[in-house]
Structures are given as C-alpha cells and as structure tokens.
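What the coordinates show
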Amino acid sequence: MEITLTLADKKKLMTVEKASKDWLRVNTDLCTGCGNCAIVCEMNLFSIRRGKARLSPSYKEWCYECGGCYLVCEPDAIEFNYPPGGEGVIFVYG
Amino acid sequence: MQKYDIVVVGGGPGGTLAAKTAAEKGMKVLVIERGKEIGDKIVSGAIVLPKMFRDFPFTRTMNLPRARIPRAGYFGWFEPPPSYETIYYTISATNPAQQEYPTQCVYMKEFVGFLADAAKAAGAEFRMATLVTDVLRKDGKITGVVTDKGGEIQSDIVIASDGVLSLMARKAGLRKKWDPWGVVNIPSLTFSAPEERIAEEELGGGVWTVIGAVANYCCIFKDGLHMGGANFPPGTLGSRVELRKGVVADYLKLLEPKPIKDMLKRLEAKPVEFSMHPLTWFDEMPKEIYTDGLMLVGDAAGVPEPFLASGIYEAMYSGRLAAEVAAEAIENGDTSKGFLKLYYDRLEASPVGQQFVGGKQVRAMFDLLLAGQGARETAELMRFMMALVWGAWSGTMYPASVTVPLMIPAFMNHLPIMGKVLGLYLPLVSPALAKPLSRLANELAGGMMKGLMTKGGE
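Residues numbered from 1 in each chain as written. Chains lettered and ligands numbered in written order. Predicted model: local features only at pLDDT ≥ 70, side-chain atom pairs only at ≥ 80, totals over all residues.

All names here are of chain B. Given a rise of 1.5 Å per residue, 14 residues ought to cover 20 Å, and the 20 Å separating the end C-alpha atoms of helix α4 (residues 108-121) matches this to within 8%. Among all positions in α4, only Met 108, Lys 109, Phe 111, Val 112, Leu 115, Ala 116, Ala 118 and Ala 119 are buried. Lining the buried residues of α4 we find α1 (13-24), β2 (29-32), β3 (46-48), β6 (104-106) and β7 (125-127). (Helix = DSSP H or I, 4+ residues; strand = E, 2+ residues; numbered from the N terminus. Expected span 1.5 Å × (residues − 1). Buried ≥ 20, exposed ≤ 12 C-beta atoms within 10 Å, placed from the backbone. Contact = placed C-beta atoms within 7 Å.)

In this section: unusual backbone geometry. Peptide bonds are mostly trans, and most non-glycine residues show a negative phi. All names here are of chain B. Residue Asp 139 is not a glycine yet carries a positive backbone phi of 50 degrees. When you line up the elements, Asp 139 lands in the loop between β8 (132-138) and β9 (141-147). Even without being glycine, Glu 268 reaches a positive phi, approximately 50 degrees. Relative to the elements of secondary structure, Glu 268 occurs in the loop between α9 (258-266) and β15 (270-280). C-beta crowding within 10 Å serves as the criterion here: with 14 such atoms nearby, Glu 268 is assigned to the partly exposed category.

What follows deals with the pairing of strand β10 (residues 152-160) of chain B. All names here are of chain B. For β10, a buried count of seven out of nine residues is recorded, marking the element as mostly surrounded by other parts of the structure. Both strand β1 (residues 2-9) and β10 contribute to a ladder of seven bridges, which runs parallel. In the sheet register, Tyr 4 faces β10, and the bridge partner there is Ser 155. Note that β9 and β10 share three bridges and pair antiparallel. Along β10, the bridge assignment pairs Val 145 with Ile 153. Between β9 and β10, which follow one another and run antiparallel, lie four residues, and Gly 150 among them has a positive phi close to 85 degrees. Where β10 lies against strand β17 (residues 294-296), three bridges are found, and the strand directions are parallel. Among the inter-strand pairings, Ala 160 is bridged to a residue of β17, identified as Leu 296. (Pairing = 2+ DSSP bridges.)

Residue and element names in this part refer to chain B. Between α1 and α4, whose axes approach to 8 Å, the crossing angle comes to 20 degrees. By the angle between their directions, the pair α1 and α4 is classed as roughly parallel. When the axes of α1 and α4 are compared, the crossing they make is left-handed. Contacts from Pro 13, Thr 16, Leu 17, Ala 19, Lys 20 and Ala 23 in α1 reach Val 112, Leu 115, Ala 116, Ala 118 and Ala 119 in α4. Broken down by class, the residue content of the contact of α1 with α4 amounts to nine nonpolar, one polar and one charged. (Axes fitted to C-alpha atoms, helices over the stretch in contact; angles between N-to-C directions. Parallel < 35°, antiparallel > 145°, perpendicular 65-115°, else oblique. Left-handed = near helix turned anticlockwise from the far one by under 90°. Nonpolar A, V, L, I, M, F, W, Y, C, P; charged D, E, K, R; others polar.)

In this section: the interface of chain A and chain B. Every contact between the two is made by 29 residues of chain A and, on the other side, 46 residues of chain B. Listing elements by their share of the side of chain A that touches chain B, those giving two or more residues are α2 (36-40) and α4 (68-72) of chain A. For the side of chain A that touches chain B, the residue count by class is 19 nonpolar, seven polar and three charged.

Quick look at the confidence of the model for chain B now. Residues and elements named next belong to chain B. This prediction gives chain B a mean pLDDT of 79; 68% of its residues lie at or above 70. Segment residues 88-95 is flagged for pLDDT under 50; beyond a separation of four residues in sequence, or across chains, it makes 19 contacts in the model. Counted against residues more than four places away or in other chains, residues 447-458, with its pLDDT under 50, gives twelve contacts. The ipTM for the predicted assembly is 0.96, set against a pTM of 0.86. (pLDDT = per-residue confidence, 0-100.)

As a rule of thumb, nonpolar side chains are buried together in soluble globular proteins. Residues and elements named next belong to chain B. Judged by nonpolar contacts, the single largest core of 139 residues is most densely connected at Val 29, Val 158, Ile 159 and Met 168. The element contributing the most residues to this core is helix α10 (residues 312-332), with eleven residues. No fewer than three residues from each of domain 1 (2-60 + 107-175 + 288-335) and domain 2 (68-97 + 180-280) sit in this core. Apart from the residues lying within four places of it in its own chain, the contact partners of Val 158 are Val 7, Val 9, Val 135, Ile 142, Gly 144, Val 145, Met 168, Gly 293 and Leu 294. (Core = buried A, V, L, I, M, F, W, Y, C linked by C-beta atoms within 7 Å. Domains from an automatic or database assignment.)

Residue and element names in this part refer to chain B. Position of Ile 289 relative to the elements: it lies in the loop between β15 and β16 (290-291). For Ile 289, a count of 24 C-beta atoms within 10 Å corresponds to the buried category. The spacing of Ile 289 and Ala 169 is 120 residues in sequence and 8.1 Å in space, taken between C-alpha atoms. Ignoring anything within four residues of it in the chain, the contact list for Ile 289 reads Met 295, Leu 296, Ala 301 and Tyr 344.

Here you go:
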C-alpha cells in the first residue's frame, strides 16, 4: 500500500465547518516576506507575493488550526485567533 | 452577569480534570469549550500509561468501547532511505506490575469524553461551541472571561487549559507565544481497520519507529490505528524553518519501512483522517504559568515531559493541582499571584515537575546524537541507548508501589552507567563524532549525578 499525502489527499481526510467570519490574517505592514509561514503550513495556505505573505482566501475551509504559521512568524505579522465557537476544523476520530 | 467560582477554559484532559476536582470540592464550575462536542478539537490517539491509572484512581473503571490493551511495546530502528534496513527491533512484554493497570491505546475523543462525563457527574457545567476571546479585569486582576457568544462571565479564578496556542496566556499577559524552538508540529494519520484483522495482529500495541531524527508512534485501537509523526527536539518548528522544509515528507518516510508497510497491509488499514497539531517539548518546566486570578495547565503551561513529550497525564495532573490550589485560594479569600504561586511550587515538586530533572541533559543528548543523522555510528549508538531507556521505562513501573514515578528519573539513573559504556564505545566511532561524544560521556559519568541526588533522589 502506497500512502501519499498530497494536498488533495489531505483535503479528503479532513472535516471542516467553514467559519462564518475571518479569524486569521497577515498584517502586511509587519510582514517581511521571510516565508516561514509557507514552509510550515502543510496545507499550502501561504504564498509570497511581491515580498509579502499572502493567505489563501480558502483558509477557512482547509486550515487545521495548528498555529504553526503564528509560532514561526518572527515579526509577529500573523494574527491568529480562533474560528468562532463551534466552527472550524472538526476531528472526527481524534 | 453570570458568576462562577471557577471558569475553566478548554475541555481537554487538563480542563476536565480541573473541573472535576473543583466540583468535588463544592465549587461552582463552568467549562467553556470551543468545539461543538467534546473532543472536536483534540487529536492524536494516545497511549495512556499505568502511571495515569495509578495516580487517577477513577480512571481504573474506564471502559472505552474502542480502546485496546496492547500486548506489547515495540521499537523499530531503520536505516535511512533508500535501504530502510531494520537495525534494531525489540518487543517488551508487559511486565507483572504493569498488568495491574495495563497501558491502553485510546482515541482521544473517546477518552476526553470519559473525563468530561466524570466532571459532569461531579457537578461541573459545560458550555459548548463557545470561544473565550478575552479576560475580564478589575484593578489589574483577572476576574472572569469574555466569550464570542456575547457573554461576560465572572469568576474568582480562571483555569486556562486552552492548549499550546493558549489565547488566555496571551490575554493574561503571560506570553505572546511559545518559542518555536520548543514546539514540534506533529502530523498524524488515523486509519480504520477491521476488528478481526486487529485481533489477529501480533505486534498489536504501542509501536515506535525511528529514522534519523524523526520518529513515529503508533497506537492500535479495536477498530483502527493512529500513526503520529513525532520529530525529536531537533525537529522543532524553529529548526524546520531553518532547514526550510516542512515535516510531512519526513513523516511519510516513516511509513515506508517494510515492517510498517506489512503491518498496515495485514491490518487492511485505510486512512480516514489526517491532522497537524503542535506540541511543546521543553527542557525546563516553564515558570510563567500563573498570575493574579489565573493559572495555566497542560500544554498551555508547557508541561509535556522532556523525553517523549507525552502530555496527557501531565495535563491531568496540572489541571487537578490548579483546581486544588484554586479552592484553597477561594477559601482563603486570596486569589492573588502571590497565593497562586503555590500552584507552581506544588507542580514543580510533583511527578510532572520532577520529570524535568535532567531535561537539559536529555535535550543535549538528542541534539548531539541526532545531529549526525544517517551516520551508521549514530544509529548504532542510539539503538544501544534506547534499549537502556526502554528498560528504564518499564523499570519505573516495576514494582507499582515505587513512588518516584515515571520514566525520566529512571532514565537519568542509568546515565552514569551509560556514560561509562559510551567511553568504551568511543574508539569505534568516527573521529567527527568522537569529540562531542566524549564530552557527553564525561558529563554523564560526572557531575550530573550530584544534581539528581539532591533534587530527585530519596
């Protein structure tokens, strides 16, 4: 059995209740474009464009809420809160 | 405004134990959990060890429908790809002392559900699907919480068990975030498998596989299994960023060695869920874990132990302790930082704090040994050391009446011997490794023992 974890595989293997409002953002005034967030995000939700990190607009559907991006952001440009109560990722098996 | 004696933020192992303990002491307790159901936000199937059953007697009656008692623990060491040659392989039979309260592999969701039921039975209230967004303050002291459902809730004390990313720690001004060099991010896959296949499985238990600096832990349940990819400390988020490389590619390599592939095939295992979650892995117990009117417990307090970074027992223990101190503080009419220092002091003296004795040396050993990952010498040395560690780990539970708990003290007790054996081993290793290893050998055989005798010893 070959196990792969492509982006499509990961999406199939997760359950998310899309958040009703934004809860994660990049403060582009502080962002230095270092790309740390893009390295640790396993859902490829960050890209670097014109020297700044850009968060995918579909993050509310595909974020594990692991907070890796927040922890590795040296200039503290990532504002990580949480989705509203009852929304966001759901771990069915746990 | 609603008023409680104690508000607990987060309904995981730390929060539920805090709530249960406080309710049993007659406190009016509210648990606020952001998930719709208990366990919605918790991952990583877990191996609960005898020490939990020993120190939390109410768990001895736990009978989770899908939990499983493993027949054995298993360690596999593999050469790095492409060879994946198995270089070490051991099965430790469950020893007699462990049979009293055998280790169990549990789905976290089911396990935390059990803990939450115990808290509810004791009288704790739960409010679900509610995010705590801020703390309430009066004269600088924390006096409650604000939720996203519009409510302010007052309490004499807030116990925050809201995980590695703890919003409460931020709002309370205790820290902005943990140092990424102290946090690993763990990928994990849950597989489903037919019960008959699992019943036939010989290994059937807690399985560890290691390649270089990355490791994989496995728990096998009645109807499935869980494979978590644990980086050893050199694989923290900090080092991942320095390597400019994510963790999942390394994690997948852990599933490739033949024994693992064969096991998944025998079990007819099918992936059903994937997750990422952060885990603190510190070499010292954090100090900033309490302030006026608030205490942090579990991962929010950074208490997972420094050897394998297991954190469930630690969350439960710190949760219970925080609730005990909270009840005393309320009784004394003093919920100040000065009084709550009692929580820190007791935690430091408890089995949780004692596990950090020698944490720095454990960390140094990991860093040093795994720095040369892929080197045959390193792998051979690791297998030897891990065999000792494995022995030490079983040893701590044997006999069960031994109160100096848990694996770290036992592991540390072996270090002087390991240091001596390392000295014998030195002539065999490559010159590049010989220098740092001889330094380690001297440290192990020398001064460290003093600290242990005064701090951890009887």
